Structure formats: C-alpha cells, structure tokens
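Single-letter residue listing:
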Amino acid sequence: MLNVQRADLSEDPFPHVLKDGILEPGFYADLKREFPGEAAFERMRNERNYLQAGGRRNLGKSDAGFEEFVAGSPAWRRLLGWIESPAFIRLNVDLFADLARQRDCRFEFSRAQYSDHRPRRYPSIPERVANKLRLGELWRGGKDRLNRALHPDDLFVDFHFARGQAGYAREIHTDNPHRFAVMLIYFCNKEEVGEGGELALHKHRVDKPHAEYEQFPSEADAPEFKLLGPADNRGALFLNCHNAFHSVTPQRGAPGKFRNFIYVGVSARSNIWRVAS
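Presented here is a report on the structure given in the accompanying data block.

The rules behind each value
- Residues numbered from 1 in each chain as written.
- Predicted model: local features only at pLDDT ≥ 70, side-chain atom pairs only at ≥ 80, totals over all residues.
- Heavy atoms only, no water.
- Helix = DSSP H or I, 4+ residues; strand = E, 2+ residues; numbered from the N terminus.
- Rg over C-alpha atoms; globule rule 2.2 N^0.38 Å.
- Buried < 20%, exposed > 50% of the residue type's maximum accessible area, 1.4 Å probe, protein only.
- Contact = heavy atoms within 4.5 Å.
- Areas by Shrake-Rupley, 256 points an atom, 1.4 Å probe, with all protein chains shown as cover.
- Lys, Arg positive; Asp, Glu negative; His and termini not counted.
- Charge placed at Lys NZ, Arg CZ, Asp CG, Glu CD.
- Arc of directions from axis to C-beta.
- Phe/Tyr/Trp six-rings, centres within 6.5 Å; stacked < 30°, edge-to-face > 60°.
- Lys NZ or Arg CZ within 6 Å of the ring centre and 35° of its normal.
- Core = buried A, V, L, I, M, F, W, Y, C linked by side-chain atoms within 4.5 Å.
- Pairing = 2+ DSSP bridges.
- Axes fitted to C-alpha atoms, helices over the stretch in contact; angles between N-to-C directions.

**Let's talk about the overall build of the protein chain**
- Across its full length, the protein chain carries eight helices and eleven strands.
- Computed over its C-alpha atoms, the radius of gyration of the protein chain comes to 18 Å, within 12% of the 19 Å expected for a compact globule of 277 residues.
- Within the protein chain, buried positions represent 51% of all 277 residues.
- Counting contacts in the protein chain only where the partners sit at least 6 residues apart, residues at least 24 apart contribute 82% of the total.
- Element-wise, carbon and sulfur atoms account for 50% of the exposed surface of the protein chain, whose accessible area totals about 13100 Å².
- Once the 41 positive and 38 negative side-chain charges of the protein chain are each reduced to a mean point, those two points are 4 Å apart.

Laid out in structure tokens, this is it:
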C-alpha cells in the first residue's frame, strides 16, 4: 500500500525513508478529504491529553470519537486496516531489522509478530500510587521486565491523527525506548500550514557507542541535518535508534492554519533500546 522500497532507504544521519508520493494519488486525495475536522479534535478539549507534546492535538485509538470517525470513513478504514496488520509490521521489519541489530537493539526480529495491544492512555491506579510514593521508576522497571517475559515477540501499532497549529514545535529528541520505528505522513501543504512545521533530522557531532547517546541533546551537540517540510502526499519512516534525533520547527501560521498529519509508532511491549545512564 505504501510506495516504499529498500532502495529509498538512507542511513545518514540515521536509517530513514523520506518519500514524496508515498500513497497512490487518488487514495491520498480520499484520505485528505476525509481527514478529521476541527470538531473531531475539539471533542477532546476536556480530556487531560487534549494537548500533546509540543502543543499539537491528537486523536488516537483510545480517544473518544476515534472509532466512530473511522467507521464513517471508508478511506481511513481501509488504511487503518492495513496499518494495524501483520503486513505493516513486516514492511518495517524488512526495512529496519538488520540495521536495528547493528545498533544494539534487544528485540529478536526473527520471531516478531503483530499484536493488537492498545496501550493505556493514562497511568493505571497502581502506577499513579507508585509515582506519588516516588517509586515510579521501580514500578516501570518491574512492568518492563514482566512484559519482556510475557510478550517478548509482540510488535503493536500506535496510531494518531494529529493537528499542529501556531506555536507547535518539538525539541530535539528520540522517541521512547520501546519504540522500534516511526511513520509520519502529511495531509497538508505549506500554504495550509504557514511558516515552520518542518520535520528536522539532526546529526550528533560525536560518534559514540549507541547506548551512550542522550535522548534529548542540545542543538549545539546535534545540529540540523535535513528538513522535511509539509507537502501533500509526503511521508517519512525511520528507525527509532539511539541517534534518531529529530525535531519540529516552530509553526508560525495564522489562526486556522493546521499541520495535519498521521503519526504511527511500531513498538514492543518492553524497552528494546538501552537507555543511557
């Protein structure tokens, strides 16, 4: 379904694919026409996760109105049916598994299997209690070890419709250490977004063992390497390895200008990348 081949893969500054025309044009046009409108995102206003990292708004699988929206959209039902399937997992494994092994990933890809797991949107009551008692790290460590024992081969998909607006930006970072790969597809163009809102890839100045990279480097340590501005039917996939540093440049569009995109994460049930101490 995606117009992506191994020949599209670049390893500099980290393994990624940047692709124009990532979907069949007619299908993309249907998806863009049926992308959630403002009312769908505003239904989330009273939820505590209404504004996500950097100030964007998300509509994800665990959110009110998501299932209703997808049920009423033939195009999105078709795309989501493929993304939430073993075929999408195989695409990411075929693209990135060998490169992940070279970068000290702890997941055994030869046994990888699709899981329909849906992560909890909010911390559970026991986790909230542990956090209040300042035992959150201990709780999460135990949960990680349990998931590694019970679900060692599972890869699941976290899918979000996302809408950035004036003020939206993200700092330089890598995603969480249980995430294997990421996909982003724009459903907007520069005129619809205004200034900014580009996905920036960063390259760390220091070449060091993979597990020693920090998750949030400074711009001085990881300057901008490549920009991917909003454009219709433009997408990116990348391996969430230790040096997969990326950010979003500040969006400066007028009110009513939106950076519409989907964010898709392929994740394990436990941490697969070692975290720098």
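**Topic: helix H4 (residues 74-83)**
- Taken together, the buried positions of H4 are occupied by Ala 75, Trp 76, Leu 79, Leu 80, Trp 82 and Ile 83. Buried residues of H4, viewed axially, fall in a sector of 160°; they line one side.
- Residues of H4 that are buried sit in contact with helix H1 (25-33), helix H3 (66-71), helix H5 (86-102), strand E4 (154-164), strand E6 (179-186) and strand E11 (259-268).

**Some thoughts on the packing of aromatic side chains**
- Summed over all chains, the structure comprises 18 aromatic pairs.
- Both rings, one in Phe 96 and one in Phe 180, keep their centres 6.5 Å apart while their planes meet at 85°; by these two values the pair is edge-to-face. Of this pair, Phe 96 sits in helix H5 while Phe 180 is found in strand E6, placing the two residues 84 residues apart along the sequence.
- We classify Phe 96 as buried; its relative accessible area is 0%.
- Ring-pair connections join several aromatic residues into one group, and the members of that group are Tyr 28, Phe 35, Phe 41, Phe 66, Phe 69, Trp 76, Phe 159, Phe 161 and Phe 187.
- Lying across the ring of Phe 258, Arg 163 places its NZ or CZ 4.1 Å from the centre.

**Description of the nonpolar core**
- Formed by 68 residues in total, the largest nonpolar core has its most connected members in Leu 2, Leu 23, Trp 76, Phe 88, Phe 161, Phe 180 and Ile 262.
- Looking at this core, the element that brings in the most residues is H5, giving nine residues.
- Beyond its immediate stretch of four places on either side in the chain, Leu 23 contacts Met 1, Leu 2, Tyr 28, Leu 31, Leu 79, Ile 185, Phe 187 and Asn 233.

**Focus: the pairing of E4**
- Among the eleven residues that make up E4, eleven are buried, leaving the element largely enclosed by the rest of the structure.
- Of the two faces of E4, the one holding Asp 154, Phe 156, Asp 158, His 160, Ala 162 and Gly 164 and the one holding Leu 155, Val 157, Phe 159, Phe 161 and Arg 163 are both buried throughout.
- Looking at chain direction, strand E2 (residues 57-60) and E4 are connected through four bridges and run antiparallel. Considered in E4, the bridge of Arg 57 is made with Arg 163.
- As paired elements, strand E3 (residues 113-114) and E4 share two bridges and run parallel to each other. Considered in E4, the bridge of Tyr 114 is made with Leu 155.
- Examined bridge by bridge, E4 and E11 share ten bridges and lie antiparallel to one another. For Phe 161, the partnering residue across the bridge sits in E11 and is Ile 262.

**Regarding the environment of Val 157**
- Residue position: Val 157 is located in strand E4.
- Residue class for Val 157 comes out buried when judged on its relative accessible area of 1%.
- C-alpha separation for the pair Val 157 and Gly 265, spaced 108 residues apart in sequence, amounts to 5.7 Å.
- Not counting residues within four places of it along the chain, the set of residues in contact with Val 157 comprises Lys 61, Ile 83, Phe 88, Ile 89, Tyr 114, Ser 115, Val 264 and Gly 265.

**A closer look at the sheet that holds strand E5 (residues 170-173)**
- In space, the four strands of this open sheet follow the order E5-E10-E7-E8, with antiparallel pairing throughout. Both outer strands of the open sheet, E5 and strand E8 (224-228), are each paired with one neighbouring strand and no more. Shown here is a sheet whose adjacent strand axes are inclined to one another by a mean of 20°, direction ignored.
- The sheet contact formed by strand E7 (residues 199-202) and E8 spans four bridges and is antiparallel. Looking across to E8, one finds that His 202 is bridged to Glu 224.

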